[in-house]
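Residue-level listing of the chains:
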Amino acid sequence: MPSLPDVMTPALETLAPAGQPAPAPQEANRDALVEWLLRTGDNALILGQRLSEWCGHAPALEEDIALANQALDLIGQCQLWLGLAGAVEGRGRTADDLAFLRDAGAFRNLLLVERPNRDFGHTLMRQFLFDAFHLELLEAARASSDPRIAEIAAKAWKEAAYHLERSADLVVRLGDGSAESHDRMQAALAALWSFTGEMFTDDDHDRALADAGVMPLPSSLRPAWDRTVAQVLDEATLTHPGEVWQQGITDMGGGKRGVHSEHLGHLLAQMQFLQRAYPGARW
Amino acid sequence: MYAQLVTTEGGTPREGMSDQERAFQERIDRNEKIEPKEWMPEGYRKTLIRQIGQHAHSEIVGQLPEGNWIGRAPTLERKAILLAKVQDEAGHGLYLYSAAETLGVSRDELLEALHSGKMKYSSIFNYPTLTWADMGAVGWLVDGAAIMNQVPLQRTSYGPYARAMIRICKEESFHQRQGYDIMMKMCAGTPEQKAMAQDALNRFWYPSLMMFGPSDKDSVHSEQSMAWKIKMNTNDELRQRFVDQTVPQAEYLGLTVPDPDLRWNEDKGGYDFSEPDWSEFYAVIAGNGPCNAERLGARVKAWEDGAWFRDGLMAHADKARARRVAAE
Ligand SMILES: [Fe+2]
Ligand SMILES: [Fe+2]
């Protein structure tokens with residue numbers, strides 16, 4: 001773009017005292033809040049991106065529609081969470097800036113949601129394991145003392161409840177379906193299970209928000225998730241994987257702290273391509 | 001169009017019609033709707049199955065060229081709009097397969113015919129989407145051409161087809177608007193964006209004109225389809241309307257339609273324009289377009305890879321039924 005003066009933009013210096021832009025009021029727990037909003041928004045964004053890869057390739061027309069619908073819900077949620085993250089952060093970044101202009105290390109999503117789609121069984125199992133967590137998280141967030149969080153969570157909760165209903169139902173039907181569908185669902189469960197522990201780890205940011213009464217600790221969501229998962233796996237005639245080494249829960253990393261799998265970089269390379277190739281263009 | 005080369009079964013000339021056939025034709029002439037359980041000539045039924053089936057296949061294959069850019073949509077809002085649009089197309093496929101089912105053909109049978117190459121889908125979806133501007137051009141031109149064809153089909157003689165068209169048309173205008181909106185943004189953007197928009201128009205112009213099917217003089221049996229009111233206008237009429245509507249829209253964008261012979265003809269009150277290269281059209285229909293192998297291959301792969309999923313659900317339904325019976 002040639003840098004022509006934009007005559008429609010009011011001159012900032014006439015609006016604010018000379019040279020002194022008013023600093024945004026510092027929020028209590030700002031860093032922890034931004035972290036939590038990025039984690040929640042990035043989960044929605046990355047999983048939405050993954051689901052949209054199925055568009056036109058699903059095993060039945062009804063599934064094409066259902067997955068696109070979930071992807072749409074998740075992209076919509078991510079716009080709200082990331083929009084709020086940018087506002088709280090106070091550096092003028094929009095939801096789009098956060099989605100398209102951060103590198104992998106600045107993403108805060110769980111390792112689980114960046115797992116590749118593989119077969120439809122993996123996609124559904126990943127969805128179920130996440131939905132069961134997501135619903136508990138949003139249930140807690142609906143009761144947050146921060147009204148901005150509570151408001152977004154109330155809307156997202158309804159969608160997550162429907163997503164869980166659907167993914168749990170399909171896990172049951174395919175687990176307790178044909179021999180092949182059972183085996184595929186069991187294999188998907190085995191492949192994904194070691195990425196579930198990260199959902200319930202607590203770190204300093206989590207503790208700061210818990211102390212402030214904004215959000216309960218992630219670890220406190222575990223019992224309800226365990227119950228849902230055990231019940232659905234049982235009904236699906238799938239074997240619970242039991243105690244398995246969990247990825248991303250040591251001090252060395254995990255998606256919540258920006259240490260991702262190799263998969264995320266490729267996902268972002270695709271997702272961010274246009275914004276990176278044509279910096280500053282408007283679409 | 002989405003059904004652009006439908007072979008029409010021969011009908012019976014009016015003088016040779018049986019009483020039943022004559023009564024049927026008279027109902028159509030009075031603009032009465034024919035409903036599923038009612039008597040209809042076999043040729044009418046077969047032609048409709050071909051036409052609705054081809055239309056349905058076009059909707060689902062049509063997910064692919066735009067699906068190609070969902071992952072790369074440049075903003076979250078554009079991603080959401082494109083997802084919603086492609087999801088609509090899948091929904092259109094669903095309505096149309098249901099309409100075809102009322103004529104006694106199952107969705108699986110129709111898909112089998114698509115996968116084996118026995119049935120076709122619109123030639124337009126065998127062209128690649130190479131840049132983001134193609135999302136604009138597809139919405140503007142391809143959905144625009146679809147609307148041109150489908151609005152009259154809301155009055156088609158077969159009730160379930162007409163009702164499917166009414167639902168579909170409501171959504172198509174949103175599709176066209178989002179496409180044109182992308183074009184407006186691109187044309188008001190950087191020189192590179194504007195160039196992408198022009199390039200997209202260059203590549204999609206003639207393939208869009210082909211969507212209406214061959215010229216009237218080469219359309220076989222099209223009068224019979226018009227007598228049955230399953231085709232409401234001739235191919236050339238619709239193509240002319242499309243050009244007349246689209247040229248001013250291109251001018252508004254500041255884009256050049258890639259046709260040196262395009263000019264306004266005061267006498268006919270429409271544009272004169274060049275015909276697309278029909279040998280290319282027949283080559284694409286025959287399977288030799290730039291993306292035929294990818295498009296059909298992707299659909300076949302989705303179907304085959306999904307077999308275990310569909311079988312698994314059936315197996316579960318059988319088990320559940322058996323358990324219910326055992327419990328009684
Ligand atoms: Fe459509
Ligand atoms: Fe459309």
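Computed from a prediction, not measured in an experiment: that's the story for all the values here. (Residues numbered from 1 in each chain as written. Chains lettered and ligands numbered in written order. Predicted model: local features only at pLDDT ≥ 70, side-chain atom pairs only at ≥ 80, totals over all residues. Heavy atoms only, no water.)

Trainee: Would you mind going over the nonpolar core with me for this structure?
Mentor: Within the largest apolar cluster, 180 residues are counted, with the highest numbers of intra-cluster contacts made by Leu45(A), Met125(A), Leu129(A), Tyr44(B) and Trp132(B). At 14 residues, the largest contribution of residues to this core is made by helix H3 (residues 61-89) of chain A. Apart from residues no more than four positions distant in its own chain, Leu45(A) is found in contact with Ile75(A), Cys78(A), Leu82(A), Ala99(A), Phe107(A), Met271(A) and Leu76(B). (Core = buried A, V, L, I, M, F, W, Y, C linked by side-chain atoms within 4.5 Å. Buried < 20%, exposed > 50% of the residue type's maximum accessible area, 1.4 Å probe, protein only. Helix = DSSP H or I, 4+ residues; strand = E, 2+ residues; numbered from the N terminus. Contact = heavy atoms within 4.5 Å.)

Trainee: Would you take a moment to explain empty space enclosed by the protein for this structure?
Mentor: Space left empty within the atom packing is revealed by a probe, the size of a water molecule, rolled over the atoms. One pass over the structure, following the stated rule, counts three cavities of 30 Å³ or more. Counted as a void, the largest cavity has a volume near 190 Å³. The wall of the largest cavity is formed by 18 residues, among which Trp36(A), Phe133(A), Leu137(A), Pro218(A) and Lys256(A) lie closest to the centre. It is helix H2 (residues 30-52) of chain A that contributes the most residues to the lining of the largest cavity, four residues altogether. Split into classes, the residues belonging to the lining of the largest cavity amount to ten nonpolar, three polar and five charged. The calculated volume of the second largest cavity comes to roughly 40 Å³. Taken together, Tyr2(B), Ser58(B), Glu59(B), Gly62(B), Glu66(B), Lys85(B), Glu89(B), Phe125(B), Val138(B), Val142(B) and Asp143(B) make up the full set of residues lining the second largest cavity. Mapped by element, the contributors of at least two residues to the lining of the second largest cavity are helix H2 (42-61), helix H4 (76-101) and helix H6 (133-153) of chain B. In the lining of the second largest cavity, the residues fall into four nonpolar, two polar and five charged. (1 Å grid on protein atoms, 1.4 Å probe; cavity = no way out; pocket = protein on both sides within 12 Å on 5 of 7 lines; lining within 4 Å. Points joined across faces, edges and corners; volume = space filled by probe spheres on them. Nonpolar A, V, L, I, M, F, W, Y, C, P; charged D, E, K, R; others polar.)

Trainee: Which parts of the structure should I look at to understand the coordination of the iron ion (ligand 2)?
Mentor: In ideal tetrahedral geometry, four donors around a metal make angles of 109.5 degrees, whereas ideal octahedral geometry with six donors gives angles of 90 or 180 degrees. All names here are of chain B. In the first shell of the iron ion (ligand 2), the protein supplies Glu 89 (OE), Asp 143 (OD), Glu 172 (OE) and His 175 (ND1), at 2.0 to 2.2 Å from the metal. Taken in sequence order, the residues that donate to the iron ion (ligand 2) follow the motif E-x53-D-x28-E-x2-H. Separation of the iron ion (ligand 2) from the iron ion (ligand 1) amounts to 3.3 Å, with Glu 89 serving as a shared donor to the pair. Of this pair, Glu 89 sits in helix H4 while Glu 172 sits in helix H7 (residues 159-187); the two residues are 83 residues apart in sequence, bridging distant segments of the chain. Side by side, Glu 89 and Glu 172 carry an identical accessibility label, which is buried. (Donors = N, O, S within 2.8 Å, 3.2 Å for Na, K, Ca; no water.)

None of this, on its own, says anything about what the molecule does.
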